[in-house]
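Read off the chains here:
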Amino acid sequence: MGIMERMRLDGKVSFVTGGARGIGKAIAMAIAEAGSHVAIVDVDIEEAKKTAEEITDLTGVTTIAIKTDVTDQADVDYMIDTILDKFGKLDVAFCNAGICMNIPAEEMTVTEFKKVIDINLTGVFLTSQAAAKVMLKAGKGSIINTASMSGHIVNVPQPQCSYNASKAGVIQLTKSMAIEFAKRGVRVNSISPGYIGTELTLNSPSLKPLIAKWNDMAPLGRMGRPDELQAIAVYLAGDTSDFTTGSDFVIDGAFSCF
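We now turn to the structure provided with this report. (Residues numbered from 1 in each chain as written. Predicted model: local features only at pLDDT ≥ 70, side-chain atom pairs only at ≥ 80, totals over all residues. Heavy atoms only, no water.)

What about the pairing of strand β2 (residues 37–42)?
The buried fraction of β2 is high, at five of six residues. Sheet topology places strand β1 (residues 13–17) next to β2; five bridges connect them, and they run parallel. Opposite Thr 17, over in β2, you have Val 41 as the bridge partner. Bridge count between β2 and strand β3 (residues 63–67): five bridges; the pairing is parallel. By the bridge assignment, Asp 42 is partnered in β3 with Lys 67. Considered for its hand, the β-α-β crossover made up of β2, helix α3 (residues 45–59) and β3 is right-handed. (Buried < 20%, exposed > 50% of the residue type's maximum accessible area, 1.4 Å probe, protein only. Helix = DSSP H or I, 4+ residues; strand = E, 2+ residues; numbered from the N terminus. Pairing = 2+ DSSP bridges. Right-handed = clockwise from strand over helix to strand, strands pointing away.)

Structure representation (structure tokens):
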């Protein structure tokens, strides 16, 4: 069997949190195109349903939408139960949901700080833990967490200490879980995107004015596109990455190299 055939995900079952739009939607579309059935997990259930329908229409795989607050244990348990009831198994978990608040450190409230940490880090823990419990019983599976180049560098000029801290935590959480699960067939990796031109970023009143600054600083002179994360997502989801675990893949156009 050639490499392209081995890259296929036919018959696998995956979920993508924050999958209704942006990076999550691009990842969901890619793994569906590779043959995986997909659960689009998001707090915005109407947008998740639209994305699920779009993916099914374009790829023919079975796609469902599940409303889930990744910070709520009961919601996460419901998500897993729904996936198992529908598909009977879980092979791939993309723990992608996240938010960012650009607030100076001295002005950020504890409530604001905790909200970012709860969604970006605790949410990744809860969803990856729930996936792992299923995968460890099966003796196989792949968990991919969305971190960020912000887990490696401090972004400027925007103040985002809580976001940077949460993404650094995701990277270390990923490595820790990878070590714990390594001999039991479950792989855990993370993807660290740089600035990606999602609809939210390009249209955000607070971020749009910063894009010219970021592009001026960027070695490639531009932001990335969501589709430029698709290949690594398919690779990590599939069997050709069986020797890849505990790794963080920085995809930022060399932004964090200086």
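Description of the side chain of Asn 155
Relative to the assigned elements, Asn 155 resides in the loop between β5 (141–146) and α6 (161–181). Separated by 3.1 Å, the side chains of Asn 155 and Gln 160 make a polar contact. Sequence-distant contacts of Asn 155, defined by excluding residues within four places in its chain, comprise Met 149, Ser 150, Gln 160, Asn 164 and Tyr 195. (Polar contact = N/O pair within 3.5 Å; in protein donor to acceptor, adjacent residues only side chain to side chain. Contact = heavy atoms within 4.5 Å.)

Things to note about helix α4 (residues 73–87)
With 15 residues, α4 extends 21 Å between its outermost C-alpha atoms, agreeing within 8% with the 21 Å of an ideal straight helix rising 1.5 Å per residue. For α4, the set of buried residues is Val 76, Met 79, Ile 80, Ile 83 and Phe 87. For α4, the arc enclosing every buried residue in end-on projection is 90 degrees, short of the 170-degree limit, so these residues lie on one face. Structural note: α4 exposes Ala 74 and Asp 85 on the side pointing more than 90 degrees away from its buried face. If you follow the buried residues of α4, they end up packed against β1, β2, β3 and α5 (110–138). Capping the start of α4 is the job of one residue whose side-chain oxygen sits 2.9 Å from the backbone nitrogen of Ala 74: Asp 72. (Expected span 1.5 Å × (residues − 1). Arc of directions from axis to C-beta.)

A short note on the sheet that holds β3
The parallel open sheet is built from seven strands, whose spatial order is β3-β2-β1-β4-β5-β6-β7. Bordering the open sheet on either side are β3 and β7 (248–251), each of which pairs with just one other strand. In this sheet, neighbouring strand axes are inclined to one another by 15 degrees on average, regardless of whether the strands run parallel or antiparallel. As defined by bridge partners, β1 adjoins strand β4 (residues 92–95) across three bridges and the pair is classed as parallel. Along β4, the bridge assignment pairs Val 16 with Phe 94. Sheet contacts for helix α9 (residues 230–237): β4, β5, β6 (186–193) and β7; angle to β6, the most-contacted strand, approximately 170 degrees. (Axes fitted to C-alpha atoms, helices over the stretch in contact; angles between N-to-C directions.)

Here we look at the packing of aromatic side chains
Evaluation of the coordinates by the stated rule reveals three aromatic pairs. Here Tyr 195 and Phe 255 contribute two aromatic rings whose centre-to-centre distance is 5.2 Å and whose plane-to-plane angle is 90 degrees, an arrangement assigned as edge-to-face. Of this pair, Tyr 195 sits in the loop between β6 and α7 (199–203) while Phe 255 sits in the segment after β7, placing them 60 residues apart in sequence. Per residue, the accessibility class of Tyr 195 equals that of Phe 255, and both read buried. Taking the centre distance of 6.1 Å and the plane angle of 40 degrees together, the rings of Phe 255 and Phe 258 count as tilted. Residue classification places Phe 258 among the exposed positions, given a relative accessible area of 62%. One aromatic cluster is present, built from ring pairs that chain together Tyr 195, Trp 214, Phe 255 and Phe 258. (Phe/Tyr/Trp six-rings, centres within 6.5 Å; stacked < 30°, edge-to-face > 60°.)

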